[in-house]
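Structural characterization, general
Here's the letter readout for the chains.
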Amino acid sequence: MSEARDLVADGFTESATDYEDAVRFNIEGSQRLVMSIPSGRYDDVLDVGCGTGWTSQAVIDRFRPARLTGVDPSEGMLKQFEAKLGEIEGVDVTLAQGGVENMPVADESFDLVVCSMAYHWFPRKWAAAQAMAQALRPGGVIAILCSGRGGEQAFRDVLANLEPPNYVWLGAFDALQRDIPEMEDYLLQAGLEPLDLWTERRTRHTTVEAYLDRMRAVAGHLIGDKTEEEVAAYMGMVQAAMDEASGPRGWTYDFVKLYAVARKPLVG
Ligand SMILES: C[S@@+](CC[C@H](N)C(=O)[O-])C[C@H]1O[C@@H](n2cnc3c(N)ncnc32)[C@H](O)[C@@H]1O
């Protein structure tokens, strides 16, 4: 397991029990992604970075595949997904621990690959697109949702103005977020035919506490290699600066989601 992936997966395992409450609005993003997949019959589905299973559930609700495989490196997230399996009827679900870099799946064995809110965590984006394309049968479809460029600017401004700045967390936004042309290039380089790419920007109002809960659940590992006391002191500083920057409607932030749907060309 690569170090970067290890760190991300451990972070998700630590926060797995808080994750569902903190990112409930991601479910609707997964649903919009799944609604954008061309209609058709998809018997074998692969969910990469399946987490606790929201996107798999959306695929099951819309397409009722015969078989669905969920892959994720985080044991904690897979455990949460496993606990829901009893509620899923008529679909043969297999869960496997692994990253996109070393998925325990056969080449050209899926009609549909979905990957929701995980792609931004992949340390090697071209290789990840290639690996997912390899798992697809010719004619198969891939649907990706990830964090888009330009989101979370209000939070980045707070982090940039704290002293000393947390360069790891600040730099992570540039390292993670992507825009349409970049995603298009990943897909094309992987031999896929892009069908539809778009971004959505949403402005949300929430409390500082709720926003930080979400940040801890999805990006807690970016706070850095610190003791518990150091983390608490740092987060106290972040919270105070966010309180100061909040207005009458609480903490206001923009979130950008990048969506992509592509097809693997039929050979011959
Ligand atoms: C924000 S969650 C999204 C989970 C799920 N797809 C959903 O829509 O709720 C991101 C997931 O990506 C997984 N992940 C992180 N690095 C990964 C990698 N290299 N390969 C595959 N999955 C990864 C994490 O463990 C986590 O479960």
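The present account deals with the structure reproduced in this document. (Residues numbered from 1 in each chain as written. Predicted model: local features only at pLDDT ≥ 70, side-chain atom pairs only at ≥ 80, totals over all residues.)

1. Overview of the site of the ligand
- The immediate surroundings of the ligand are formed by 25 residues, with G49, G51, S74, G99 and A118 found nearest.
- Only α1 (3–22), α2 (25–35) and α3 (54–63) provide two or more residues apiece to the shell around the ligand.
- If you tally residues by element for the shell around the ligand, the top one is α1, at four residues.
- Of the residues that constitute the shell around the ligand, the class distribution is 14 nonpolar, nine polar and two charged. (Near = placed C-beta within 6 Å. Helix = DSSP H or I, 4+ residues; strand = E, 2+ residues; numbered from the N terminus. Nonpolar A, V, L, I, M, F, W, Y, C, P; charged D, E, K, R; others polar.)

2. Considering the packing of helix α5 (residues 125–135) against helix α8 (residues 180–189)
- Running from N to C, α5 and α8 point in directions that differ by 50°, and their axes come no closer than 8 Å. Viewed along their axes, α5 and α8 adopt a mutual orientation that is oblique. With respect to the hand of their crossing, α5 and α8 are arranged in right-handed fashion. Residues K125, W126 and A129 of α5 touch α8, and the partners they reach there are Y186, L187 and Q189. (Axes fitted to C-alpha atoms, helices over the stretch in contact; angles between N-to-C directions. Parallel < 35°, antiparallel > 145°, perpendicular 65-115°, else oblique. Left-handed = near helix turned anticlockwise from the far one by under 90°. Contact = placed C-beta atoms within 7 Å.)

3. Some remarks on unusual backbone geometry
- E163 connects to P164 through a cis peptide bond whose omega is -5°.
- With a phi close to 60°, E152 is a non-glycine residue in the positive phi region.
- The topology assignment puts E152 in the loop between β5 (136–147) and α6 (153–160).

4. A look at the sheet that holds strand β2 (residues 67–72)
- Reading across the sheet, the seven strands line up as β3-β2-β1-β4-β5-β7-β6 and stay open at both edges, with mixed pairing between neighbours. Looking at the sheet topology across the chains shown, the edges are occupied by β3 (92–97) and β6 (193–206). Across the sheet, the axes of successive neighbouring strands diverge by a mean angle of 15°, strand direction being ignored.
- Here β5 pairs with strand β7 (residues 251–263) via seven bridges, running antiparallel. From the neighbouring strand, S147 faces β7, where its bridge partner is K257. (Pairing = 2+ DSSP bridges.)

Everything listed here is a matter of geometry and, on its own, says nothing about what the molecule does.
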